[in-house]
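So you can see what is in the structure, the chains are spelled out below.
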Amino acid sequence: MGNYDAAKKALKEVIDSSGKELLPFNEYAKMFNEDQEKFNRESILEINFRNGDTSGYFWYGEGSQYGLIAALCFQTQVLKYKDTEADIQGWSMRKYNPLKSTVNELNLGVGINMYLMRLADVYLMYAEACQATGDEVNARNYMNLVRRRAYNGDSSHDITASGEALRDAIREERFMEFCGEGVQHWQDVCRWKVLDEEISRWYGKTRVGNPHYDAKDLYFPIPKVEMENNPNMTQSIGYENE
């Protein structure tokens, strides 16, 4: 799944030299709505929207990629709602969504910036790399820094696990921390090669039948021009004959 030793070193350099910090709980609560502080102390890279660019509608916010968010896995901590169709259940997102207005009141957007990377992501990737290289003390420490913030500083929810249980706890923490923010979870599933487990856990049955995927769905194809420019490259799995 990659060179965790090199990743650990690179991620620690970001932590030590970026000048970034986790926002406290009271500021974190506003990171994803119209009261957010843009380019705040936790943000490493974000997309800047001005008012009118980001739709307030749940399904139609192209700038807020809600169409993509709706297709991802959601955790039970997220507010559950009953869809307008009586036979459909869904999850109402509160990330990148205005809290001071209803969706029906907003024809234009609210200019909520979107985070492509923030320090919590770096902390949890660093925790993952530490666990994979046997540094469980730092793995637990950096995961619990993120987890503690989610509980407003309460350390009673800290993870104390070791081995595979610690690895799985870090993965679950990434899932919960970035739920509804974009494609982080899908990228994690692809690089961990755990799509079978995810389907079994969340999508055992769908409205259109049993889920199906091919091995190549975990990869992107390498563009033809790149293959031609470098004949030493090997095409991604499943795309060899396309």
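Refer to the preceding data block for the structure.
Cut-off values and rules
Residues numbered from 1 in each chain as written. Predicted model: local features only at pLDDT ≥ 70, side-chain atom pairs only at ≥ 80, totals over all residues. Heavy atoms only, no water. Phe/Tyr/Trp six-rings, centres within 6.5 Å; stacked < 30°, edge-to-face > 60°. Helix = DSSP H or I, 4+ residues; strand = E, 2+ residues; numbered from the N terminus. Buried < 20%, exposed > 50% of the residue type's maximum accessible area, 1.4 Å probe, protein only. Expected span 1.5 Å × (residues − 1). Contact = heavy atoms within 4.5 Å. Patch = residues over 30% accessible without salt bridge, like charges linked within 9 Å, V, L, I, M, F, W, Y side chains within 5 Å. Areas by Shrake-Rupley, 256 points an atom, 1.4 Å probe, with all protein chains shown as cover. Salt bridge = Lys/Arg side-chain N within 4 Å of Asp/Glu carboxyl O. Core = buried A, V, L, I, M, F, W, Y, C linked by side-chain atoms within 4.5 Å.

Visitor: I would appreciate a short explanation of the packing of aromatic side chains in the present structure.
Guide: Aromatic ring pairs are described here by two measures, namely the spacing of the ring centres and the angle between the planes. Evaluated as defined, the whole model comprises four aromatic pairs. Arranged with centres 5.6 Å apart and planes meeting at 85 degrees, the rings of Phe-32 and Tyr-115 form a pair that is edge-to-face. With Phe-32 in the loop between α2 (25-28) and β1 (43-47) and Tyr-115 in strand β4 (residues 114-118), this residue pair connects regions lying 83 residues apart in the sequence. For the ring pair Tyr-126 and Tyr-142, a centre distance of 4.9 Å and an interplane angle of 85 degrees mean the geometry is edge-to-face. Of this pair, Tyr-126 sits in helix α4 (residues 119-132) while Tyr-142 sits in helix α5 (residues 136-150), placing them 16 residues apart in sequence. Note on accessibility: Tyr-126 and Tyr-142 belong to one class, buried. Among the aromatic side chains, those forming a connected cluster through ring pairs are Tyr-28, Phe-32 and Tyr-115.

Visitor: So what exactly am I meant to see when it comes to α4 here?
Guide: Residues three or four positions apart in an α-helix share a direction because the helix packs 3.6 residues into each turn. Between its first and last C-alpha atoms α4 spans 20 Å; for 14 residues at 1.5 Å apiece the expected length is 20 Å, and the two agree. The element α4 is extensively covered by neighbouring structure, given that twelve of its 14 residues are classed as buried. On its buried face, α4 sits against α1 (4-17), β1, β4, α5, α6 (163-177) and α7 (184-192). Just past α4, the residue Gly-134 takes up positive phi, approximately 85 degrees.

Visitor: How should a nonpolar patch on the surface be read in this particular structure?
Guide: Side chains of Val-14, Ile-44, Leu-45, Ile-47 and Leu-116 sit close together on the surface and give an oily, nonpolar patch of about 370 Å² of accessible area. As for its position among the elements, Leu-45 is in strand β1.

Visitor: Is there a simple way to think about the nonpolar core in this case?
Guide: Proteins that are soluble and globular tend to have nonpolar side chains buried together. Core analysis: the largest hydrophobic core is formed by 20 residues, its most contacted members being Tyr-123 and Met-143. Of all elements in the fold, only α1, α4, α5 and α6 reach the threshold of two or more residues within this core. Considering each element in turn, this core owes the most residues, eight residues, to α4. With residues up to four places along the chain from it excluded, the contact list for Tyr-123 reads Ile-15, Leu-22, Tyr-142, Leu-145 and Val-146. Core analysis: the second largest hydrophobic core is formed by ten residues, Tyr-96, Val-110, Ile-112 and Tyr-115 among them.

Visitor: Explain unusual backbone geometry here, please?
Guide: With a phi close to 50 degrees, Phe-39 is a non-glycine residue in the positive phi region. Along the chain, Phe-39 falls in the loop between α2 and β1. A positive phi angle, close to 60 degrees, is found at Lys-193, a residue other than glycine. Relative to the assigned elements, Lys-193 resides in the loop between α7 and α8 (195-202).

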